[in-house]
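A look at the structure
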Amino acid sequence: MIITPFLVIGMLIVFVLLFLFLNTVDKRKWLTGLISLVLTPLAYFHLFYPFINIISNYHHQKRFDSEAWIEKPALRYEMIDNTIASDTLKGMTKDEVSKYLGSAEWLSWDDAKKTHDDNKWNYGLGIEPGAFNDKVECVEITFVNNQVFSFKKFQQDITFEKKNEEQ
């Protein structure tokens, strides 16, 4: 385990809260301190840490992996920051991008032409973890002269498709 400032501060907070709570039950400081010391790691890793993970949207970043991108589309948000920062796809052709990412999931709409734009491919990245996330992460890849020109991350509202009940 790596000792980080967040871990130390979190453990101190849990210890103080446990000590104050247990001090209301028994006034013997040495016993309250000893029980608090024993219960702190348990309370931290089973109560405090999971709660923080639920309300925050922190997630681990991973390096781009073409196979994982295609097989697990709901976890693409873990790879996109690394992909954009490292310019992994910059300068690739549409065929190369299609090989690495699979075919475009949808094309952007061009209002001027009143049709889909073949040079703006979109991929869904999944929903980032967290209790308050109500958006789906997406990325738009823009091609100029059949080569990747830019990436743009954006968010969309989560929508649910209704099944046709007549079928």
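Calculation rules
- Residues numbered from 1 in each chain as written.
- Predicted model: local features only at pLDDT ≥ 70, side-chain atom pairs only at ≥ 80, totals over all residues.
- Heavy atoms only, no water.
- Buried < 20%, exposed > 50% of the residue type's maximum accessible area, 1.4 Å probe, protein only.
- Helix = DSSP H or I, 4+ residues; strand = E, 2+ residues; numbered from the N terminus.
- Pairing = 2+ DSSP bridges.
- Axes fitted to C-alpha atoms, helices over the stretch in contact; angles between N-to-C directions.
- Contact = heavy atoms within 4.5 Å.
- 1 Å grid on protein atoms, 1.4 Å probe; cavity = no way out; pocket = protein on both sides within 12 Å on 5 of 7 lines; lining within 4 Å.
- Points joined across faces, edges and corners; volume = space filled by probe spheres on them.
- pLDDT = per-residue confidence, 0-100.
- Parallel < 35°, antiparallel > 145°, perpendicular 65-115°, else oblique.
- Left-handed = near helix turned anticlockwise from the far one by under 90°.
- Nonpolar A, V, L, I, M, F, W, Y, C, P; charged D, E, K, R; others polar.

Below, the discussion takes up the pairing of strand S3 (residues 135–144). With respect to burial, S3 is a largely interior element, seven of its 10 residues being buried. Examined bridge by bridge, strand S2 (residues 115–126) and S3 share six bridges and lie antiparallel to one another. Bridging across to S3, Trp121 finds its partner in Ile141. Connecting S3 to the next strand, strand S4 (residues 147–157), in antiparallel fashion are two residues, including Asn145 with a positive phi near 55 degrees.

Ordered in space as S1-S2-S3-S4, the four strands form an open sheet in which the pairing is antiparallel. Looking along the sheet, the strands with just one partner apiece sit at the ends: strand S1 (106–110) and S4. Each neighbouring strand pair of the sheet contributes to a mean axis angle of 35 degrees, computed without reference to strand direction. Direction of pairing for S3 relative to S4: antiparallel, over a ladder of 10 bridges. Along S4, the bridge assignment pairs Thr142 with Ser150. Against the sheet, helix H4 (residues 77–85) contacts S2, S3 and S4, and its axis sits at roughly 145 degrees relative to S4. The strands that helix H5 (residues 94–101) touches are S2, S3 and S4; relative to S2, the one it contacts most, it runs at about 25 degrees.

Attention now moves to empty space enclosed by the protein. Considering all chains together, one arrives at one cavity of 30 Å³ or more under this definition. If you add up the space inside the largest cavity, you get close to 40 Å³. Lining the largest cavity we find Trp69, Ile80, Thr83, Leu89, Leu101, Val139, Ile141 and Phe151. Elements that contribute at least two residues to the lining of the largest cavity include exactly H4 and S3.

Let us now look at the confidence of the model for the protein chain. Residues at a pLDDT of 70 or more form 94% of the protein chain, whose mean pLDDT is 85. The element-level mean pLDDT for the protein chain is lowest in H4, coming to 83, with helix H1 (residues 5–25) highest at 91.

What follows is about the packing of H1 against helix H2 (residues 29–55). The description of two packed helices rests on the angle between their axes and on the distance between the axes. With their axes 7 Å apart at the nearest point, H1 and H2 run at an angle of 130 degrees to one another. By the criterion of interaxial angle, the relationship of H1 to H2 is oblique. H2 is crossed by H1, and the crossing has right-handed handedness. Of the residues belonging to the contact of H1 with H2, the class tally is 17 nonpolar, six polar and one charged.

By the secondary structure assignment, Ile80 is in helix H4. What makes Ile80 buried here is its relative accessible area of 3%. Sequence separation between Ile80 and Val139 is 59 residues, and the spatial gap between their C-alpha atoms is 8.2 Å. With sequence-adjacent residues up to four places away left out, Ile80 is seen in contact with Trp69, Leu125, Val139 and Lys153.

Further remarks concern unusual backbone geometry. For Lys114, which is not a glycine, the phi torsion comes out positive at approximately 55 degrees. Note that Lys114 resides in the loop between S1 and S2. Not every positive phi belongs to a glycine, and Asn145 is a case in point at roughly 55 degrees. Inspection of the secondary structure assignment puts Asn145 in the loop between S3 and S4. Taking relative accessible area as the criterion, Asn145 reaches 75% and is therefore assigned exposed.

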